[in-house]
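Here is how the chains run, residue by residue.
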Amino acid sequence: ALALCPIGVVAGDRPQTGAAPEASAPTVPVSITPGRPDWRARDDLSAADQIAAQRLSDPLQELLVAALDGRSDANRPSTYRLVDGAVFGRLFDVQEDRVVVDMTVPFALSETLDALQHIEGVGTLAVADAPAFHVISALVPPERLLDVARIGSISGFYPSGAMTGNAVVMPGAKAQGSVGNQAEQALEVEAVRRVFPTADGSGLRIGTLSDSANRIGGGIATSQGSNDLPAGARVSIVADLVGGNPTDEGRAMMELIHDIAPGTTQLAFATAFGGQATFAANINTLAATMDIINDDVVNLFEPWYQDGVVAQAVDNYVSGGGIYFALNHNYGNLSYESVFADSDADAYHQYSGLDEAQQITMPSGTAANPVSVTVVLQWAQPVGGATTDLSLEVWDAAVNTQVTNSTVNNIGGDPIESVTITNNTGAPLTLNMAVKRISGNAAGLTFKYQFFANGAWQVVMNEYAGGAGTLTPHAGTPSAIAIGAAPFSSRDVAETYSGRGPYRRFFDSAGNAVGPFTYQKPDFLSIDRVNTSFFGSDVADDADAFPNFSGTSAATPNAAAVGLLMLEMAGGSGSLTRYDMHRAMRMSAIDLGSGGHDTTFGWGRIHALGATVLAMGPGSPEYSLYPNQHGDVVFDQNLFGITDVDRIEYSFKTSGSTEVRVVESHADMDPMVATFLQVLDDPVGLAYDGGLGDDAALVTDVFGGFPNTLAILSEADFSGGA
């Protein structure tokens, strides 16, 4: 990136390259971009109100100043245009001309709720509790934002920016009708049905969280009429989206689940929109009755370095025996993370050497159809207890002027800032990103910013890209199973937009410094670009005209539906813990990329049949093997003559290593072998061959005197094209 030299801004207010270190580094006040609220210049507000207004996140500040100035467009926040040209309602939740605001409350929750109750027009949607703080999600009229900002017990104010994980890929024509789900082949679900014909998810309940499910067209009834959802009360709407911009993405997710697990007793939906507290509350509601929950939503302001209320709702559900699948989301690797470096003491972070800017490019957008991206900056300090104030700045690389910056005073509040950047010029736009210390100590401080570009096409990081991860925060918790996406037509290649790991935590749920811990995320790759009856856009990957649902939003319910089959065949509700299911999926996954876990593919592509066989455990052996004096034994079986799993018991007097090999020489055979330690009902390993002459072989350690069980079966094609 080039050095930034803005017009009309003093040298102390800009990042630069090649400057000599200064003798001292006085605190530099945050600069005000032309067109943005300058509260210090408003003599119609008291000093206390000026300070209060600066506690709001910047999009709320813009909406507030429009309301204070009596602008009529402030009364319609769904269509209100921010200074950069972005439409507020396309980025943030709006219900009935009131904005959904998430408020962090470290203490005095009851007093805060009482104060909100006495502000005209404000309505509380939900409250979520965490050990170190609370979150209130509320509806606030734009003209009442200052009244809310005056409440001193609130440490952070953010518009609720909830995004689903539907990625736009090669749009085309839409169609209606009963359709199949290509993930049934790509994830080997059809193989499960051939070996276990009764596997259909019977007796189990699954919850889905997205934007809406019953708001578009005929809603649920339309999908039931085309047999893409089950009839009657087997589909329930616990809480649907109110207002906003519904798409019924949740209904599309349930259609995918129904394709893979058509016998499921209950498909329940609750919205994840309406603020972080609403999201967490609806997880808790579903948790009371659901065996598995899956979602496809991220809130832009979920904490990264500490579990927020959504992540803690996931943790609580899983600790109580539930299994939770969450999307990686579709931001590719559009993030930057570093430790703040400022050797020249000018308050700007140095990306490399004396370079204080990162160059990015946005594709062309127009005034009628702008390309808008929210960029969120967070740093490793506890929620509600920030001691450093950072600012994120965006500069026009061509003319060296500041486009926008974040202005929230974070001291004593939350370590979160954001900016919105928009290109409506009709041509690609090159910008420079910069991170500036406003006050407090930034030495040794880890920070990260992420571009919330759904589909990852809205931004190109021209330098200093990669490695930081873009995982949805509540998918990053060890409790959740985080799912990435690969297209059904190329199932071993991750979508370019599929979210990357790793994921890190610097604070526990109570705000105490820990680690930092780096988690092995994402967990698995699943399948997207699959057909639904109404949702998405047709793609060239298939020959039909049905709409294809793309993104980690589609991959996640497909993975969760495989979990239903595993749970059913293992014994039904409660028969598997999250650990059990994850282990079976991990041991059977098709390893992709680098060996073992990596930050793109996780542990690999989910293999439904292998995972189901491992989840079922050793079962009851049908045969016993007795090794000869050399410790060897041969067991002959005609796999063409069976359609089930042969279970064979074996043991040795002494401990050691043993190899199991299934020998075959037929082009249509693809043997699978799994081995279990009987006494612990524990899977030890699983393998399948790679084609003709490549026998399924598994080498494991055995314990002398303890019986083991082999499970042997064959299917059409475990490793190639389904």
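Heads up: the structure comes first, above all this text.
What counts, and at which threshold
- Residues numbered from 1 in each chain as written.
- Predicted model: local features only at pLDDT ≥ 70, side-chain atom pairs only at ≥ 80, totals over all residues.
- Heavy atoms only, no water.
- Axes fitted to C-alpha atoms, helices over the stretch in contact; angles between N-to-C directions.
- Helix = DSSP H or I, 4+ residues; strand = E, 2+ residues; numbered from the N terminus.
- Left-handed = near helix turned anticlockwise from the far one by under 90°.
- Contact = heavy atoms within 4.5 Å.
- Nonpolar A, V, L, I, M, F, W, Y, C, P; charged D, E, K, R; others polar.
- Phe/Tyr/Trp six-rings, centres within 6.5 Å; stacked < 30°, edge-to-face > 60°.
- Buried < 20%, exposed > 50% of the residue type's maximum accessible area, 1.4 Å probe, protein only.
- Lys NZ or Arg CZ within 6 Å of the ring centre and 35° of its normal.
- 1 Å grid on protein atoms, 1.4 Å probe; cavity = no way out; pocket = protein on both sides within 12 Å on 5 of 7 lines; lining within 4 Å.
- Points joined across faces, edges and corners; volume = space filled by probe spheres on them.
- Patch = residues over 30% accessible without salt bridge, like charges linked within 9 Å, V, L, I, M, F, W, Y side chains within 5 Å.
- Areas by Shrake-Rupley, 256 points an atom, 1.4 Å probe, with all protein chains shown as cover.
- Salt bridge = Lys/Arg side-chain N within 4 Å of Asp/Glu carboxyl O.
- Expected span 1.5 Å × (residues − 1).
- Pairing = 2+ DSSP bridges.

## Let's talk about the packing of helix α9 (residues 249-260) against helix α13 (residues 552-570)
Phase 1 of the analysis: It is at 8 Å that the axes of α9 and α13 come closest, and there the two elements cross at 35°. Handedness of the crossing formed by α9 with α13: right-handed. Judged by residue contacts, Glu249, Met253, Leu256, Ile257 and Ile260 of α9 engage Ser553, Ala554, Pro557, Asn558, Ala561, Val562, Leu564 and Leu565 from α13.
Phase 2 of the analysis: Residue composition of the contact of α9 with α13, by class: 10 nonpolar, 2 polar and 1 charged.

## Considerations on the packing of aromatic side chains
Phase 1 of the analysis: As enumerated under the stated definition, the model contains 14 aromatic pairs in all.
Phase 2 of the analysis: Considering the side-chain rings of Phe88 and Phe92, the 5.0 Å spacing of their centres and the 50° angle between planes classify their relative orientation as tilted. Of the two residues examined, Phe88 and Phe92, each falls in the buried class.
Phase 3 of the analysis: Geometrically, the ring pair formed by Tyr336 and Tyr351 is tilted, given 4.8 Å between the ring centres and 45° between the ring planes. With Tyr336 in strand β13 (residues 335-339) and Tyr351 in the loop between β13 and β14 (358-362), this residue pair connects regions lying 15 residues apart in the sequence.
Phase 4 of the analysis: A residue is classified by how much of its surface remains accessible, and Tyr351, at 9% relative accessible area, is buried.
Phase 5 of the analysis: Three or more aromatic residues joined by ring pairs make a cluster, and in this case those are Tyr336, Phe340, Tyr351, Phe447, Tyr449, Phe451 and Tyr464.
Phase 6 of the analysis: Between Arg251 and the ring centre of Phe534, over which it is positioned, the NZ or CZ distance is 3.9 Å.
Phase 7 of the analysis: Above the ring of Trp603, the side-chain terminus of Arg586 is found at 5.8 Å from the ring centroid.

## Things to note about empty space enclosed by the protein
Phase 1 of the analysis: A full pass over the atoms with the stated rule returns 5 cavities of 30 Å³ or more.
Phase 2 of the analysis: The calculated volume of the largest cavity comes to roughly 110 Å³.
Phase 3 of the analysis: Lining the largest cavity are 13 residues, and of these Arg36, Glu62, Asp84, Thr404 and Thr420 sit closest to its centre.
Phase 4 of the analysis: Across the lining of the largest cavity, the residue classes break down as 5 nonpolar, 4 polar and 4 charged.
Phase 5 of the analysis: As a volume, the second largest cavity reaches approximately 80 Å³.
Phase 6 of the analysis: What lines the second largest cavity is Asp102, Thr104, Phe133, Val135, Tyr158, Gln276, Phe301, Pro303, Gly308, Val383, Asp414 and Ile416.
Phase 7 of the analysis: Across the lining of the second largest cavity, the residue classes break down as 7 nonpolar, 3 polar and 2 charged.

## Observations regarding a nonpolar patch on the surface
Phase 1 of the analysis: Among the surface-exposed residues, Val679, Leu680, Phe703 and Phe706 lie close enough to one another that they form a single nonpolar patch of about 410 Å² accessible area.
Phase 2 of the analysis: Relative to the helices and strands, Phe706 resides in the loop between β33 (696-702) and β34 (708-714).

## Brief notes about α13
Phase 1 of the analysis: When the terminal C-alpha atoms of α13 are compared, their 27 Å separation across 19 residues agrees well with the 27 Å that a helix rising 1.5 Å per residue should span.
Phase 2 of the analysis: In terms of burial, α13 is a largely internal element, 18 of the 19 residues being buried.
Phase 3 of the analysis: Following α13 by one or two positions, Gly571 has its phi on the positive side, about 135°.

## What to know about the sheet that holds strand β32 (residues 682-688)
Phase 1 of the analysis: Pairing within the open sheet is mixed, and its 5 strands lie in the order β28-β29-β34-β31-β32. Strands with a single pairing partner mark the edges of an open sheet, and in this sheet they are β28 (623-624) and β32.
Phase 2 of the analysis: With 5 bridges joining them, strand β29 (residues 646-650) and β34 adopt antiparallel strand pairing. Residue Asp646 lies in a different strand from β34, and its bridge partner there is Ile712.

## Brief notes about the sheet that holds strand β12 (residues 323-327)
Phase 1 of the analysis: Read across the sheet, 7 strands follow the order β8-β9-β7-β10-β12-β22-β25 without closing on themselves; strand pairing throughout is parallel. Each edge of the sheet is formed by a strand with only one pairing partner; in this case those strands are β8 (235-239) and β25 (524-528). When the angles between neighbouring strand axes are averaged without regard to direction, this sheet yields 30°.
Phase 2 of the analysis: In terms of strand pairing, β8 meets strand β9 (residues 266-271) through 4 bridges, oriented parallel. Each bridged residue has a counterpart across the sheet, and for Ser236 the counterpart in β9 is Ala268.

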